[in-house]
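# Summary of the model geometry
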Amino acid sequence: MARNFIEIEDVPKGYENRVKQNLSFKTGNFVWRCRFTTALDPETITSENLYVESETGQRMATKFTYNDSTMEIELEPLEPYAKDTDYFLHITSKVRSRGGQHLKEPIRFKFRL
């Protein structure tokens, strides 16, 4: 039986209770939603600061949207993920709040389809 969902394989320490999956998004084009506790500087939401890469280091083409009212970034792949392949969602410390604060450390989630 084929899997139609992702498996989050590695969550950075301290984020275990913050990573949640919504079953309606478990497809080959899984959309990541990253919610922050403060409004972000939209100029820092770039493909250099937020990206998905494959286990071989190949960056995926993605589309970003930022909702200021919910303080949420949606990261949508423009190509489907390959099955049985590890991927990494990266959020670098260059992402900043509107007040100019950077993330304390970069975040990396490992997942697999």
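Residues numbered from 1 in each chain as written. Predicted model: local features only at pLDDT ≥ 70, side-chain atom pairs only at ≥ 80, totals over all residues. Heavy atoms only, no water.

### Some points on the nonpolar core
Ranked by internal contacts, the top residues of the largest apolar core, which has 20 residues, are Trp32, Phe36, Val52, Tyr81, Leu89, Ile91 and Phe111. Setting aside residues no more than four positions away along its own chain, Ile91 makes contact with Cys34, Phe36, Asn49, Leu50, Leu103, Pro106 and Ile107. (Core = buried A, V, L, I, M, F, W, Y, C linked by side-chain atoms within 4.5 Å. Buried < 20%, exposed > 50% of the residue type's maximum accessible area, 1.4 Å probe, protein only. Contact = heavy atoms within 4.5 Å.)

### What about the environment of Lys104?
With respect to the helices, strands and loops of the structure, Lys104 is situated in the loop between strand E6 (86-91) and strand E7 (107-112). Each C-alpha atom, one on Lys104 and one on Thr92, is 9.5 Å from the other, the two residues being 12 residues apart in sequence. (Helix = DSSP H or I, 4+ residues; strand = E, 2+ residues; numbered from the N terminus.)

### Description of the confidence of the model for the protein
Interpretation of this model should avoid reading the predicted coordinates in detail wherever pLDDT is low. In this model, the protein carries an average pLDDT of 81, and 76% of its residues clear a pLDDT of 70 or more. Ranking the elements of the protein by mean pLDDT puts strand E1 (residues 7-10) last with 58 and strand E3 (residues 50-54) first with 94. The low-confidence segment residues 1-5 (pLDDT under 50) makes 10 contacts with residues lying over four places distant or belonging to another chain. (pLDDT = per-residue confidence, 0-100.)

### Some words on the side chain of Thr85
Mapped onto the fold, Thr85 is located in the loop between strand E5 (72-77) and E6. Apart from residues lying up to four places away in sequence, Thr85 is in contact with Glu55, Phe111, Arg112 and Leu113.

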